[in-house]
Amino acid sequence: METASRLQKLTPSLTLAIDSKAKALKAEGVDVINFGAGEPDFDTPDHIKAAAMGSLDAGFTKYTPSSGIPELRAAIAEKLKADNGLDYKPSQIIVNNGAKHSCFNAILAAIEPEDEVIIPAPYWLSYPEMVKIAGGVPIIVPTKAENGYKITPEEFEAAMSPKTRMIIINSPGNPTGSIYTKEELEALAEIAVSEEILILSDEIYEKLIFDGQKHFSIATISKEVYNLTFTVNGFSKPYAMTGWRLGYVAAPEWAAKAIDSLQSQTTSNPCSFAQKGALAAYKGPQDCVTQMVAEYDARRALVIGLVEKIEKLTYVRPQGAFYILLNVAKTGLTSTQFAEKLLDKQNVAVVPGIAFGDDEVVRLSYATSRENIEKGLKRIGEFVAGL
Ligand SMILES: Cc1ncc(COP(=O)(O)O)c(C=O)c1O
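Predicted model only: the values in this text are computed from it and were never measured. (Residues numbered from 1 in each chain as written. Predicted model: local features only at pLDDT ≥ 70, side-chain atom pairs only at ≥ 80, totals over all residues. Heavy atoms only, no water.)

K.L.:
So, the packing of aromatic side chains: which residues are in play, and what are the values?
P.N.:
With the rule as written, the count across this model stands at 14 aromatic pairs. Aromatic side chains tyrosine 205 and tyrosine 323 sit 5.7 Å apart centroid to centroid with 80 degrees between the ring planes, which places their arrangement in the edge-to-face category. Here tyrosine 323 lies in strand β10 (residues 323-327) and tyrosine 205 lies in the loop between β6 (198-202) and α9 (223-226), a separation of 118 residues in the sequence. No difference in accessibility class separates tyrosine 205 from tyrosine 323, as the two residues are buried. In textbook terms, an aromatic cluster arises when at least three aromatic residues are bridged by ring pairs, as seen for Phe42, Tyr205, Tyr296, Phe322 and Tyr323. One residue, lysine 150, lies across the ring of tyrosine 180, its end atom 6.0 Å from the ring centre. Sitting above the plane of the phenylalanine 60 ring, lysine 276 keeps its charged end 4.5 Å from the centroid. (Phe/Tyr/Trp six-rings, centres within 6.5 Å; stacked < 30°, edge-to-face > 60°. Helix = DSSP H or I, 4+ residues; strand = E, 2+ residues; numbered from the N terminus. Buried < 20%, exposed > 50% of the residue type's maximum accessible area, 1.4 Å probe, protein only. Lys NZ or Arg CZ within 6 Å of the ring centre and 35° of its normal.)

As structure tokens, then:
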């Protein structure tokens, strides 16, 4: 028996694989420093947990409308207006099982077989795989470190063909930590509008931003851009709710309707009581987010200070999310060789950039304690010095 052809070209998630390997070593008692994980190391704030527990106690344990409970969709619409200046009606917002699911639903709703989707690299590793499952063709566009790993209008135009259907913009970005400015997004949006190219704007790291940067939602640029855009966001990264599996997509009515139908025939609603937690996340105090961001910022400074001391490694200063890309080209190793040897020799787990479409870099997540960061970077320094 063979698996269906649509799944034969699928690559399993390398980040999850590295994370599992590091966790397995740890379980054996090895002193592993894990920079592989793509999730906050904080616990979900108490008031969010209390809301979910309260709803469980009250018996809120049944199916909900498949697109999410009305009060959560309304709270998301309010948030998108207040934080992002976006006008979405609750009917245009579908709550999904994580922002990963939101991206997948958007791609399935929009992509015909053979349609091309432009993905700037380094990219979040699930995008190309999602496009492939939908029968589309990922068009990977390498970006330059000197451009902050952001696609330029020229690169966008050069990658276009008559089959281009969508571009994926992820700002703040995983794995790059880059943030597109308003002007940069306007230049890309102008091209998208002129060629009627859809935009998947993955804004899941919106709140995790530093250096006084501003997050800008591309769909606010104009009615034309809005009509082409799927805005994705969620609860996992800002509120340390990765296990709760809650994200959402806000889209033009035609797309929201399609996603609603798709979800109603596949997963049905996201977890009922998790939605009550998400409601508390948006309605409750936001200082929990501010505190986590302050700690990420301090860790980012620590990482940068320590990386600076390691000869042969270069980096682009990340402005958002909780990742830093280290360029390892001067070590003479590929990203996979670097990551494998580092784990074998120094018990430090990083993700090879080959998984993100750039074999010169490795990704470190600094969603780990300052103590781990100090220990781990000391070991990386020793590893590089010993090459
Ligand atoms: C860029 C990006 N988008 C979406 C997701 C998915 O988030 P969620 O856990 O809400 O599915 C991730 C998670 O790593 C991510 O890095």
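Once the structure has been displayed, the description carries forward.
K.L.:
Account for the site of the ligand, naming residues and giving values.
P.N.:
Taken together, 13 residues sit near the ligand, with Ala99, Asn174, Asp202, Lys237 and Arg245 positioned nearest. Taking lysine 100, its main chain carries an N or O atom lying 2.8 Å from an oxygen atom of the ligand. Between an oxygen atom of the ligand and a side-chain N or O atom of asparagine 174, the distance comes to 2.7 Å. Protein chains bury 92% of the 390 Å² of accessible surface belonging to the ligand in isolation. (Near = heavy atom within 4 Å. Polar contact = N/O pair within 3.5 Å; in protein donor to acceptor, adjacent residues only side chain to side chain. Areas by Shrake-Rupley, 256 points an atom, 1.4 Å probe, with all protein chains shown as cover.)

K.L.:
So what's going on with the state of the cysteines? Residues and values would help.
P.N.:
Across all of its chains, the model carries 0 disulfides by this definition. Cysteine 271 takes part in no disulfide bond, and the closest cysteine sulfur, belonging to cysteine 288, lies 20 Å away. A residue is classified by how much of its surface remains accessible, and cysteine 271, at 30% relative accessible area, is partly exposed. (Disulfide = S-S within 2.5 Å.)

K.L.:
Which residues make up the sheet that holds strand β5 (residues 164-170), and what values do they have?
P.N.:
Sheet architecture is open: 7 strands sit in the order β2-β8-β7-β6-β5-β3-β4, paired in mixed fashion. Edge positions in the sheet fall to β2 (93-96) and β4 (137-142), since each of these pairs with one other strand and no more. Strand after strand, the sheet turns through a mean of 20 degrees between neighbouring axes, direction not considered. Note that β5 and β6 share 5 bridges and pair parallel. Note that in β6 the partner of asparagine 170 across the bridge is aspartate 202. Packing against the sheet, helix α4 (residues 70-84) makes contact with β2, β7 (229-234) and β8 (247-250), and its axis sits at approximately 115 degrees to β2. (Pairing = 2+ DSSP bridges. Axes fitted to C-alpha atoms, helices over the stretch in contact; angles between N-to-C directions. Contact = heavy atoms within 4.5 Å.)

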